[in-house]
Amino acid sequence: MEVYSYFVFRMNRMRDTKSLQIKCIFLWFAAVCICINGYSQQGSLLFHHLRMEDGLSQLTNEYVYKDSEGFVWITSLNGLNRFNGSTIKKYFPIPEDSLSLFGELVQSSFFEDSVGQMWFATHEAINCYDRKNDNFHHYTVSKAVDGYHAFYLDHNHELWFITDRDTMLRTINIYSHTIRDVKKIEIPAQRAIAIADSDRFVSRIYIYMNGRPGLEELEIINSIVIQEKTLYGESDQHSINPQKILSTGDSIIWIVDANELIKYNYFEKNVLHIPMEGVQTVQNFNDTTLLVSIFNHGVIEFNTRTLTIGNHYFSSSDNSMSLLTNNINSISRDEDNDFWFGSWGFGVSYAYPGKRKFNIYNPFTPDDPNFPRFNPSQFLEDHEGHLLCNAGKNIGLIQLTQNGNIVRKISGKDRNTNSKLMNINHLIEDRSNHFWVNSSNGLMNFNSSFENVNHIGDISNSYSDEMELADGRLIFSATSFGLYQLNIESNTYDQIRPDSLKSSYSLLFQDQEKRIWLSDDYDGLTILDPVSWKILLNIPHIGYIGSIIESKDDRAIWVASANGLYDFSLDSLSVSKVFSRDKDLIFVGLTGMQKDTLGKLWITSNYGLIVYNPKYTTTVAYNYEDGLPSSNFNTDAAYQWSDGEMWFGSSRGITKFKPDEIKPIDILAIPQITDILVNDQEPAKKLICELTGNTNISEIRKLTFSYRDNTLTFIANSLEYSAPKNNKVRYWMEGMDADSIETSSGSRIRYTNLPSRKLVFCMQAANSDGQYNPFVRRLEIDITPPFYKTWWFITLVSLALLSLIIYIVYLNFSKRLELQKVRLRLYENLHDDVGSRLTAIVFSADELLRQDKTENPKVQHISKTARSIVDNMRRLVWAIDPENDSMNSMVQKIRYDKNLILNDQIEFHLDLNEHLSQVIVPGEIRYQVSSIVNEALNNISKYARAKNVWVSFNRKDNKLTMIIRDDGVGFNPEEVGKDIVKSSGYGLGNMKKRVGRVRGNIKLNSKPGEGTTITVEIPFK
């Protein structure tokens, strides 16, 4: 009755100038208000709040604007507030900072230009917010002018504003910053609105001053005033004191006066005065509705076509999502249809109409004493197609139609006991259309006409549930007394197997296999055979069962209990615990449950309303912020009408909705990084974007940090305001995180010890319904390495090392070259000097022997010794010669020498791997190897009487292996070894010495008649 009483009171105080017709209209829509308000206490808006404890700088907040980047700007008397859904950043004027806000009293809304800068007015100047650098610039007419109020930005980039000190209409070009005087205003002016044409050029302006009579109307063409007129001034018969002017964009403006709401058509020049004393402000709600604030009476929805009142929004101490106060001074609407309500001295309430998805229904009007007591705990469709509702303590039963009308109230009495149908626990209707009721007054029944209530029995007032079995039997459960079967003919009942069952049961259900399901002792589940009453299955600790439904399509039974949601196979009775308090906390205290046409389960709980999709195992949870009467459903009352509409009961009425109409909101959240901490502290210097030079954190796209600053914390926000505390963000660091991570909006996201390389921090934002914006906010991050890990340092070090290696190689090559030169000089000296002299000695000895024609032993010895020396010197000279360093050269030398040593009857075979032919062999090894081969060939030629000699070379495991083998007569190495003369004469001693000089080893293997094999191994890389 509050709204109706208020309007009747105001109507009675109307001035005599108001017509009787208007009074009748006013009483009519006041009466309509009662009806509508009775069914929906909070309408379509649910409010969130901002106060000083939430970060507001001050509690008088006239204008609210949401910019293109998703931030909400809230004006105050002492500066600006920027809200991101979780925190508020405050901007104040700082005298010593020329880039701070100029003037603290913000007295206009905001106008955003094409590059994202925002223009607005304080009392002292026109201000421009530079988004790129998060600072301000200001522009003034002169020091003598104040009282700036900006009200429109046109298509020519001209910002229109007035100043109240000199009452002048002006414009400022936002690019050239040129200020132009347009018109001197005839009346004192503080506020103005502009009417724009289809091209966004100003065509009409209305100017007014709070508390002063009159309204100035200016007609504009090409930014020039062509006509000026004062409306409803002091000289007019009906003067007005405008407090607010609102344009609806259809040639209509709405003028708020202290005593009325005025509808003015500026083309047709007609006016409608609607008496509504106490109006403070108005705002467009939709195409046909205004939101109207009434002094100390909250906000109403006013239909501009029917002139009727719809929902009424007011402050309620027991409703945390009501208005902060009933005195709303300003209402702002942003482009996403969020509404912001300023209540001076209290803060800001804000709401999004689309967030509310559910309707709350109460069949009683607020003036009915049953209104606050309505607490439906059970629904039952009767034989008439109506719904019997167990309406709560001391109310009894009411019969409802689907549209919510009460058909009848059922409160009959037992003629014998005078028992009333009150405090009902449960009721059913049997196949003969008789109703059976469990109540605090015992077990009763009544007929289809809802008369003749009969009291059947009373077992300590303990009946809880009853049901009719498929075969027509009626069974009842009684708390602490077990199960009973009713004898309908005698109205008596018998206890069922008390020795095998527990004493306390509730929730009776029979599946299509005729089995009976019971909730026992409020903790477990028992399934019985309906004939033998044998226990088929008992599952303890399921918790109190709120609801059971059967899914015939997939032959499943779904059980909603206090501990979770369970899926039973109808065939095997095996159970799958789908969700429980251990897995998901929202599945706690499940009560009512219904299944929609798509197979989704709608379940009420202690958290709110849960939607579970068994096909995809997905879950959506709705709570108070989605329009539910409460986030805690304390009854299992649930019903689904034939058209799919669902009803769920709670202590605050009935939640009614059609599942296919419940959809997530379509506003996309905007992902923003609102702060960055470096090594867990605010950076010492402003962070600067490397791509654009921007310093505003939300505008930065690329940053570079030193390797010492490799711990970064990002404050990530999801900007969407239907219920911002429910918003989410998901993020990942490319190259580091395998999967995205989800967290709440406003969370601190910390990365420690980031590697020195290029990284990209990515984030997405989800609105309060969990719908993610596909747009990914990317921040490129370059962590520079220490100097010793930089490419230039590594390059310099690499070049230095390469230079050192080249120098060492050069020195080694120089030494080898010098050695080669020494070897060449030695070769030349030995060959040319020593060799020629020894050859001369040989020739001289031979000449003496020829001349004397004698065999002088001394001369022969000289000749033999000289020849031997010449042969050894030749091998030495050959080994020294740098041109003979290859293995192939050594093999050629061996082939040459064997022709001088072996006779033609001995076949010589030499085997050399092709890959060894060009291998460089040091001179010492070549000399000793060729000498060993010569020694062996000499021995074979003298003693072996062999027909074949085999010489082979191979290299393996850093060893050069040479094998000399013959097929001669062989010998016994042990006997030869004992004969010093033979062993030395056979050359074995010389061979061992030569092998030892190159750190090798030699093996001799020979047997009489089997030839001889000599194996030589020399270290060789």
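The rules behind the values
Residues numbered from 1 in each chain as written. Predicted model: local features only at pLDDT ≥ 70, side-chain atom pairs only at ≥ 80, totals over all residues. Heavy atoms only, no water. Helix = DSSP H or I, 4+ residues; strand = E, 2+ residues; numbered from the N terminus. Patch = residues over 30% accessible without salt bridge, like charges linked within 9 Å, V, L, I, M, F, W, Y side chains within 5 Å. Areas by Shrake-Rupley, 256 points an atom, 1.4 Å probe, with all protein chains shown as cover. Salt bridge = Lys/Arg side-chain N within 4 Å of Asp/Glu carboxyl O. Pairing = 2+ DSSP bridges. Axes fitted to C-alpha atoms, helices over the stretch in contact; angles between N-to-C directions. Parallel < 35°, antiparallel > 145°, perpendicular 65-115°, else oblique. Left-handed = near helix turned anticlockwise from the far one by under 90°. Contact = heavy atoms within 4.5 Å. Nonpolar A, V, L, I, M, F, W, Y, C, P; charged D, E, K, R; others polar. Buried < 20%, exposed > 50% of the residue type's maximum accessible area, 1.4 Å probe, protein only. Polar contact = N/O pair within 3.5 Å; in protein donor to acceptor, adjacent residues only side chain to side chain. Phe/Tyr/Trp six-rings, centres within 6.5 Å; stacked < 30°, edge-to-face > 60°. Lys NZ or Arg CZ within 6 Å of the ring centre and 35° of its normal. Expected span 1.5 Å × (residues − 1). Core = buried A, V, L, I, M, F, W, Y, C linked by side-chain atoms within 4.5 Å. 1 Å grid on protein atoms, 1.4 Å probe; cavity = no way out; pocket = protein on both sides within 12 Å on 5 of 7 lines; lining within 4 Å. Points joined across faces, edges and corners; volume = space filled by probe spheres on them.

Thoughts on unusual backbone geometry
The backbone of Asn 222 shows a phi angle near 55 degrees, a positive value even though the residue is not glycine. Mapped onto the fold, Asn 222 is located in the loop between strand S16 (215-221) and strand S17 (224-231). For Asn 337, which is not a glycine, the phi torsion comes out positive at approximately 70 degrees. Within the element layout of this structure, Asn 337 appears in the loop between strand S26 (330-333) and strand S27 (339-343).

Here we look at a nonpolar patch on the surface
Together, Phe 787, Tyr 788, Trp 791, Trp 792, Leu 796, Leu 799, Leu 802 and Ile 806 give the surface a local cluster of nonpolar side chains, amounting to about 920 Å² of exposed area. Mapped onto the elements of the fold, Leu 796 is located in helix H3 (residues 791-852).

Overview of the sheet that holds strand S52 (residues 609-613)
In space, the four strands of this open sheet follow the order S50-S51-S52-S53, with antiparallel pairing throughout. Two strands in the sheet have a free side with no partner beyond their single neighbour: strand S50 (593-595) and strand S53 (618-622). Neighbour to neighbour, the strand axes of the sheet diverge by 20 degrees on average, direction disregarded. Pairing of S52 with S53 involves five bridges; the strand directions are antiparallel. Of the residues in S53, the one forming a bridge with Tyr 612 is Thr 619.

Description of the packing of helix H5 (residues 887-901) against helix H6 (residues 923-944)
Look at H5 against H6: their axes get within 10 Å of each other, and the N-to-C directions meet at 25 degrees. Between H5 and H6, the angle is such that the two are roughly parallel. Taken as a pair, H5 and H6 cross one another with a handedness that is right-handed. Facing Met 890, Ile 894, Asp 897, Lys 898 and Ile 901 of H5, the residues of H6 in contact are Arg 926, Val 929, Val 933, Asn 934, Leu 937, Asn 938 and Ser 941. Looking at the contact of H5 with H6, its residues break down into six nonpolar, three polar and three charged.

Topic: the side chain of Thr 674
Secondary-structure assignment places Thr 674 in strand S57 (residues 670-678). Among the residues examined, Thr 674 registers a relative accessible area of 15% and is labelled buried. Separated by 2.9 Å, the side chains of Thr 674 and Asn 717 make a polar contact. Apart from residues lying up to four places away in sequence, Thr 674 is in contact with Phe 71, Asn 84, Ile 697, Ile 715 and Asn 717.

Observations concerning the packing of aromatic side chains
Counted according to the given criterion, the structure contains 40 aromatic pairs. Consider the rings of Phe 358 and Tyr 622, whose centres lie 5.4 Å apart with planes at 75 degrees: the pair is edge-to-face. On the criterion of sequence distance, the pair formed by Phe 358 in the loop between strand S28 (347-351) and strand S29 (359-361) and Tyr 622 in strand S53 is long-range, its members being 264 residues apart. The exposure class assigned to Tyr 622 is buried, which follows from its relative accessible area of 8%. Geometrically, the ring pair formed by Phe 648 and Phe 657 is stacked, given 6.1 Å between the ring centres and 15 degrees between the ring planes. Here the two residues Phe 648 and Phe 657 agree in accessibility, since each one is buried. Here Lys 656 stacks its cationic end above the ring of Tyr 361, 5.0 Å away from the centre of that ring. Taking NZ or CZ as reference, Arg 730 lies 3.8 Å from the ring centre of Tyr 772, over its face.

Some thoughts on H5
Its 15 residues place the ends of H5 21 Å apart at the C-alpha level, agreeing with the 21 Å of an ideal helix rising 1.5 Å per residue. Residues of H5 that are buried include every one of Met 887, Ser 889, Met 890, Val 891, Lys 893, Ile 894, Asp 897 and Ile 901, and no others.

Concerning the nonpolar core
By size, the foremost hydrophobic cluster in this structure holds 36 residues, and its most contacted members are Phe 953 and Met 962. Looking at this core, the elements that each hand over two or more residues are H5, strand S65 (907-912), H6, strand S66 (948-956), strand S67 (959-966), helix H9 (988-997) and strand S69 (1012-1019). When residues in this core are grouped by element, the largest group, eight residues, is from H6. Those residues within four positions of Phe 953 in sequence are excluded, and the remaining contacts are Met 890, Ile 894, Leu 910, Asp 911, Leu 912, Asn 913, Leu 916, Val 929, Thr 961 and Met 962.

Quick notes on the layout of surface pockets
Empty space within the second largest pocket amounts to approximately 1300 Å³. Along its surface, the second largest pocket is lined by 38 residues, and Gln 378, Phe 379, His 426, Leu 507 and Leu 508 are the ones closest to its centre. Tallying contributions element by element places strand S34 (residues 424-429) first for the lining of the second largest pocket, with six residues.

Concerning the pairing of S52
With five of five residues buried, S52 lies mostly within the body of the structure. Covered by surrounding structure in S52 are Leu 609, Val 611 and Asn 613 together with Ile 610 and Tyr 612, the residues of both alternating faces. What sits between the antiparallel neighbours strand S51 (residues 601-604) and S52 is a turn of four residues, in which Gly 608 has the positive phi angle 150 degrees. Hairpin connection from S52 to S53: four residues lie between these consecutive antiparallel strands, with Thr 617 at a positive phi of about 50 degrees.

Some points on the sheet that holds strand S3 (residues 72-75)
Spatial ordering of the open sheet is given by S2-S3-S4-S5, a layout of four strands whose pairing is antiparallel. Both edges of this open sheet fall to strand S2 (64-66) and strand S5 (88-91), since each of them pairs with a single strand only. Pairwise comparison of adjacent strand axes, ignoring direction, gives a mean angle of 20 degrees for this sheet. As paired elements, strand S4 (residues 80-83) and S5 share four bridges and run antiparallel to each other. Directly across from Arg 82, in S5, lies its bridge partner Lys 89.

Section: the side chain of Asn 327
With respect to the helices and strands, Asn 327 occurs in the loop between strand S25 (308-313) and S26. Among the residues examined, Asn 327 registers a relative accessible area of 17% and is labelled buried. Here the side chain of Asn 327 touches Gln 280 through a polar contact of 2.6 Å, side chain to side chain.

What about the packing of H6 against H9?
It is the contact of H6 with H9, at a shortest axis distance of 9 Å, that shows an interaxial angle of 165 degrees. Viewed along their axes, H6 and H9 adopt a mutual orientation that is roughly antiparallel. Seen along the crossing, H6 lies across H9 with a hand that is left-handed. Counting all contacts with H6, which are made through Glu 924, Tyr 927, Gln 928, Ser 931, Ile 932, Glu 935, Ala 936 and Asn 939, the residues of H9 involved are Asn 990, Met 991, Arg 994, Val 995 and Arg 997.

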